[in-house]
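# Analysis of the macromolecular model
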Amino acid sequence: MGSFWTVLPHFATFGHFSALFATFGIGYPGVSSWYASPMPSSPTARTLERLRRDGYLAQVVERWNPHARVRQDLYGVIDVLGINETSTIGVQATTMSGRSSHMKKLSESPAAVTWTRGPDRHLELWCWRKLKNRWRVHRTVFDVDDAQQELVVVEEDRGISGG
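Residues numbered from 1 in each chain as written. Predicted model: local features only at pLDDT ≥ 70, side-chain atom pairs only at ≥ 80, totals over all residues. Heavy atoms only, no water.

The helix and strand tally for the chain stands at six helices and eight strands. Considering the chain as a whole, with its 163 residues, one finds that 37% of them fall into the buried category. In the form shown here, the chain has an accessible surface area of approximately 9900 Å², with 54% of it arising from carbon and sulfur atoms. (Helix = DSSP H or I, 4+ residues; strand = E, 2+ residues; numbered from the N terminus. Buried < 20%, exposed > 50% of the residue type's maximum accessible area, 1.4 Å probe, protein only. Areas by Shrake-Rupley, 256 points an atom, 1.4 Å probe, with all protein chains shown as cover.)

For the structure on display, the rule yields two aromatic pairs. Ring geometry for tyrosine 75 and tryptophan 115: centres 6.3 Å apart, planes at 40°, overall tilted. One end of the pair, tyrosine 75, is in the loop between β3 (70-72) and β4 (80-83); the other, tryptophan 115, is in helix α6 (residues 110-117), with 40 residues separating them in the sequence. When its relative accessible area of 9% is taken as the criterion, tryptophan 115 is described as buried. Its guanidinium or amino end placed over the ring of tryptophan 135, arginine 46 lies 3.5 Å from that ring's centre, counting from NZ or CZ. (Phe/Tyr/Trp six-rings, centres within 6.5 Å; stacked < 30°, edge-to-face > 60°. Lys NZ or Arg CZ within 6 Å of the ring centre and 35° of its normal.)

A few words on the nonpolar core. Ranked by size, the top nonpolar core spans 13 residues in total, and within it Ile78, Leu106, Leu123 and Leu151 carry the most contacts. Every element with two or more residues in this core is listed here: α6, β6 (121-131) and β7 (134-145). Residues within four places of leucine 106 in sequence aside, it is in contact with Val77, Gln92, Ala112, Leu123, Leu125, Phe142 and Leu151. Val60, Val80, Val91 and Val137 belong to the second-largest nonpolar core, a separate cluster that totals 12 residues. (Core = buried A, V, L, I, M, F, W, Y, C linked by side-chain atoms within 4.5 Å. Contact = heavy atoms within 4.5 Å.)

A complete count under the given rule lists three salt bridges for this structure. Put simply, aspartate 54 and arginine 50 hold a salt bridge, and the shortest N to O gap is 3.2 Å. Residue aspartate 54 is classed as partly exposed on the basis of its relative accessible area of 36%. For arginine 50, a relative accessible area of 10% gives the class buried. Measuring nitrogen to oxygen at the nearest pair gives 2.9 Å for the salt bridge that ties arginine 139 to glutamate 124. Of this pair, arginine 139 sits in strand β7 while glutamate 124 sits in strand β6, and the two are 15 residues apart along the sequence. Among the residues examined, glutamate 124 registers a relative accessible area of 5% and is labelled buried. (Salt bridge = Lys/Arg side-chain N within 4 Å of Asp/Glu carboxyl O.)

On to the environment of glycine 98, then. Mapped onto the fold, glycine 98 is located in the loop between β5 (88-95) and α5 (99-107). The exposure class of glycine 98 is buried, given its relative accessible area of 13%. Put simply, glycine 98 and tryptophan 128 are 30 residues apart on the chain and 9.5 Å apart in space, counted from C-alpha to C-alpha.

Moving on, we get to α5. Of the residues making up α5, those classed as buried are Arg99, His102 and Leu106. Projection of α5 onto a plane perpendicular to its axis shows the buried side chains occupying an angular sector of 70°, all on one side. Seen from the buried face of α5, the exposed residues on the opposite side, beyond 90 degrees, are Ser100 and Lys104. (Arc of directions from axis to C-beta.)

Turning our attention to the pairing of β5. Counting buried positions over the eight residues of β5 gives six, a clear majority of the element. Bridging between β4 and β5 involves four bridges; their strand directions are antiparallel. Looking at the pairing, valine 80 lines up with valine 91 of β5. The hairpin formed by β4 and β5 contains four residues between the paired strands. The sheet contact formed by β5 and β6 spans eight bridges and is parallel. Note that in β6 the partner of threonine 95 across the bridge is tryptophan 128. (Pairing = 2+ DSSP bridges.)

Take a look at the structure:
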């Protein structure tokens, strides 16, 4: 087998690159922290892992629409659904930089209001960020203000460790 740089042009897809890097015993250029990270890399994957660790039966309900080339959330607001014996939680997962746009999206959604009205159903926005080399999640819990018929923030938790 040739050197790394002579073999490189023959590998066209990311899957082949992973095999190539493993063959030569090196990590991915520029993403070595992801390669060694104990937590998954996407906010959705981190949320899924966290819900399962907290005892929920969790599933990603966001889907890729290849015709429109967009990701579509369940009811337009839920990325991950978690259930346990007593409650159901719908989570919109994002990065901290996407928090304001997701807050707006949730506050303007009639489906979010309908979801939170149901018995034992909760809607939360989980914003992930990396602080001091650890993933942290900022959780925002929503409920319905019956007088105004709109979504309101009832609780925020800024310091939950994801790892």
